[in-house]
Amino acid sequence: MASDARRAGRRSGNPEPYTLASLVEVAARAFNERGYDATSMEDLSRAAGITKSSFYHHVAGKEALLRAALDRALDGLFGILGEPGAVDGEPLERLRHIVRRQVEVLATELPYVTLLLRLRGNTETERWALARRREFDQAVAGLVAAAVDAGAVRPDVHPVVAARLLSGTVNSLIEWYRPGRVPLADLVDAVDRQVFEGLRR
């Protein structure tokens, strides 16, 4: 892992510069393993292989690291909504594009999306991120409703329920997916088939 390499380099006397992005990655992994509330700055500095004062040189504190990690996950998800495939075309095809891209973002940004999906809402930053998640789900629900109206989806499908089931299917991947276990293209196709064969009219 990249962070392990950086620590090894420092121990060997050839320090490799660490960046804010690398510290956010360390923090995201630590928060996922220990829980945000149970992780201290001392834990984070130990995981990064640097002193606490060096950590504070880059960030104001633990919640700033949480915000940066969640920003990365949310930027990836909301970026999908602005892509041509999510904006142009029939509602069902736009919905398929979003779901396929959700899988790709989850797989490529796994530590950050995992953190987002495990939030409890205990801090202001967590509540902000949960509100943003709800915005994303509402956008998906709107597309499901449009697909129903267009006659592309079975009329007995409830848009809000379907949107939650779609998100639940994609989000469940954090519990078992690990990079390299399944080719990403195969994973995307599998989710696409499972989801949309049940929705089509």
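Computed from a predicted structure; not experimentally measured.

Procedures and definitions
- In every chain, residue numbers begin from 1 and rise along the written sequence.
- Local features in a predicted model are, by the rule used here, given only for residues with pLDDT of at least 70; side-chain atom pairs are given and counted only at 80 or more, and totals for whole chains, interfaces and linings are based on all residues.
- To obtain the side-chain values, all non-hydrogen atoms of the structure were included, while hydrogens and water were left out.
- Helix and strand labels come from DSSP, where a helix needs a run of H or I of at least four residues and a strand needs a run of E of at least two; each type is numbered from the N terminus.
- Working definition: with a 1.4 Å probe on protein chains only, accessible area under 20% of the residue-type maximum means buried, over 50% means exposed, and in between means partly exposed.
- Stacked, tilted and edge-to-face are the three classes assigned to paired rings of Phe, Tyr and Trp, where Trp is represented by its six-membered ring and a pair needs centres within 6.5 Å; plane angles under 30 degrees give stacked, over 60 edge-to-face, the rest tilted.
- For a Lys NZ or an Arg CZ to count as sitting over a ring, it must be within 6 Å of the ring centre and within 35 degrees of the ring normal.
- Put simply, a nonpolar core is a bunch of buried Ala, Val, Leu, Ile, Met, Phe, Trp, Tyr and Cys residues held in one set by side-chain atoms that sit within 4.5 Å of each other.
- For the domain bounds, the source is a domain assignment made automatically or taken from a database.
- When checking whether two residues touch, look at their non-hydrogen atoms; a contact exists if any pair is within 4.5 Å.
- Every angle, taken between N-to-C directions, lies between 0 and 180 degrees, and every axis is a line fitted to C-alpha atoms, over only the stretch in contact when it is a helix.
- Each angle is binned into one of four classes, with values under 35 degrees roughly parallel, values over 145 roughly antiparallel, values of 65 to 115 roughly perpendicular, and all other values oblique.
- In this scheme the handedness of a crossing depends on how the near helix is turned from the far one: anticlockwise by less than a right angle means left-handed, clockwise means right-handed.
- Residue polarity follows a fixed list, in which Ala, Val, Leu, Ile, Met, Phe, Trp, Tyr, Cys and Pro are nonpolar, Asp, Glu, Lys and Arg are charged, and the others, Gly among them, are polar.
- Side-chain atoms alone can form a polar contact between residues adjacent in sequence; in general such a contact is a pair of N or O atoms within 3.5 Å, and within protein one must be able to donate a hydrogen while the other accepts it.
- UniProt positions are given in the numbering used here, feature names are shortened, and annotations may be inferred rather than shown by experiment.
- By convention in these notes, a salt bridge is any Lys or Arg side-chain nitrogen within 4 Å of a carboxyl oxygen on Asp or Glu.

What exactly am I supposed to notice about the environment of F31 here?
Note that F31 resides in helix α2 (residues 20-34). Its relative accessible area of 3% is what places F31 among the buried residues.

Explain the packing of aromatic side chains here, please?
Under the counting rule described, the total for this entry stands at 3 aromatic pairs. A centroid spacing of 5.8 Å and a plane angle of 75 degrees characterise the contact between F78 and F136, whose relative ring orientation is edge-to-face. With F78 in helix α5 (residues 62-81) and F136 in helix α9 (residues 124-149), the pair connects residues that are 58 residues apart, well separated along the chain. For the ring pair W176 and Y177, a centre distance of 6.3 Å and an interplane angle of 80 degrees mean the geometry is edge-to-face. Just above the ring of Y36 sits the side chain of K62; from NZ or CZ to the centre is 4.4 Å.

Explain the nonpolar core to me, please; I cannot follow it from the model alone.
For soluble globular proteins, the rule of thumb is that nonpolar side chains tend to be buried together. Core analysis: the largest hydrophobic core is formed by 61 residues, its most contacted members being F31, L44, F55, L65, L95, L116 and V140. Mapped onto this core, the elements with two or more residues apiece are α2, α3 (41-48), α5, α7 (91-108), α8 (110-117), α9, α10 (159-171) and α11 (184-199). When residues in this core are grouped by element, the largest group, 9 residues, is from α9. Residue-level mapping places this core at the junction of two domains, with at least three residues from each of domain 1 (2-59) and domain 2 (68-197). Beyond its immediate stretch of four places on either side in the chain, F55 contacts L23, M41, L44, S45, A48, I50 and L65.

Explain the side chain of Q102 here, please?
Mapped onto the elements of the fold, Q102 is located in helix α7. Residue classification places Q102 among the buried positions, given a relative accessible area of 5%. Apart from residues no more than four positions distant in its own chain, Q102 is found in contact with L77, I80, F136, S167 and V170.

Is there a simple way to think about the packing of α5 against α7 in this case?
The packing of two helices is summarised by the inter-axis angle and the distance between the axes. Interhelical geometry of α5 versus α7 gives an angle of 160 degrees and a closest axis separation of 10 Å. For the element pair α5 / α7, the angle class is roughly antiparallel. Remark: the crossing between α5 and α7 carries right-handed chirality. Mapping the contact onto sequence places G76, L77, I80 and L81 in α5 and H97, I98, R101, Q102 and V105 in α7. Residues belonging to the contact of α5 with α7 are distributed by class as follows: 5 nonpolar, 3 polar and 1 charged.

Honestly, the environment of R96 in this entry has me stumped. Any pointers?
Secondary-structure assignment places R96 in helix α7. Residue R96 is classed as partly exposed on the basis of its relative accessible area of 22%. Residues R96 and G85 lie 11 residues apart in sequence; the distance between their C-alpha atoms is 8.9 Å. Only 2.8 Å separates the side chain of R96 from the side chain of D192, close enough to count as a polar contact.

How do you make sense of the UniProt feature "DNA-binding region" (unreviewed entry) in the protein when you look at a structure like this?
UniProt records the feature "DNA-binding region" (unreviewed entry) for residues 40-59 in the present numbering. What you have in residues 40-59 is 75% helix and 0% strand, and the ends, taken at the C-alpha atoms, are 14 Å apart.

Would you explain the pattern of salt bridges in this entry?
Per the stated rule, a full pass over the model turns up 15 salt bridges. We note a salt bridge from R29 to E25, for which the minimum N-O separation is 3.4 Å. You can see R29 and its partner E25 sitting in helix α2, 4 residues apart, about one turn around the helix. Of the residues examined, R29 reaches a relative accessible area of 29% and is grouped as partly exposed. Overall, the relative accessible area of 17% leaves E25 in the buried class. Between R154 and D156 there is a salt bridge, with the nearest N and O atoms lying 3.1 Å from each other.

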